[in-house]
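Overview (structure and organization)
Next come the chains, spelled out residue by residue.
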Amino acid sequence: MTPILTAFKHSPDRGQGLARDMRVRWALEELGVAYDVHLLSFEEMKQPAHLARHPFGQIPTYEDGEIVLFESGAIVLHLAEQHLGLLPDDASARMRAITWMFAALNTVEPPIVERSMAWVLEREQPWYAQRLVMLDERVRRLLGELSARLGDAPWLDGDFSAGDLLMVSVLLRLQSSGIVDEYPVLAAYIARATERPAYQRAFAAQLAVFQNQ
């Protein structure tokens, strides 16, 4: 049976690759796993059929036989553990790669998402400019620390891993802000990752949904 991934039928990003199904698409392409995509409207995401897959009515979900998963990080981890290519064989290196997965989603992504949501929900408010300064400071501190850790290495820890895949997916959420350009090490890191053929295939696949609408 071919695994099924759910994704937005009408994504707010209009195919920029920022929706979280992109992370799973990328992982599947890196691993060479064939998959089908089930596109859902916002209304369908809140219906019982989808809520049975995802209790919070979001995307992505992943179904493979009796396995039904939600949360992009959990899905990527499952795929990386089931197939060779995104986690090292060495036990210590494997756990370091998994640690970077958690760091991307738990440490780096939250302030980036908070910054994005402030623009969406608060930009007309009188306090927005002052709040943005604080949010940008938090993001820049994390980017500086991440840049220093990466240094001259091509990837976070050894070869490209699921940790890099998720970290780059998170950093791409800043692409319209120009902030990452202040950190040449991270800009080059993102460029290396997004030049990978698997990323290009995944990006083209999700973009095609919107070009065909």
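About the cut-offs
- Residues numbered from 1 in each chain as written.
- Predicted model: local features only at pLDDT ≥ 70, side-chain atom pairs only at ≥ 80, totals over all residues.
- Heavy atoms only, no water.
- Pairing = 2+ DSSP bridges.
- Helix = DSSP H or I, 4+ residues; strand = E, 2+ residues; numbered from the N terminus.
- Buried < 20%, exposed > 50% of the residue type's maximum accessible area, 1.4 Å probe, protein only.
- UniProt positions renumbered as here; feature names shortened; annotations may be inferred.

The protein carries the name Glutathione S-transferase family protein in an unreviewed UniProt entry, which gives Stenotrophomonas lactitubi as its organism.

Bridging between strand β3 (residues 61–64) and strand β4 (residues 67–70) involves four bridges; their strand directions are antiparallel. Along β4, the bridge assignment pairs Thr61 with Phe70. Where β3 hands over to β4, the hairpin turn is made up of two residues, of which Gly65 adopts a positive phi near 65°.

This next bit is on helix α1 (residues 21–31). Most of α1 is tucked away, with 10 of its 11 residues classed as buried. Every buried residue of α1 is listed here: Asp21, Met22, Arg23, Val24, Arg25, Trp26, Ala27, Leu28, Glu29 and Leu31. Immediately downstream of α1, the backbone of Gly32 shows phi near 70°, a positive value.

The positions UniProt marks with the feature "domain: GST N-terminal" (unreviewed entry) are residues 1–87. Measuring from the first to the last C-alpha atom of residues 1–87 gives 24 Å, for a span that is 34% helix and 21% strand.

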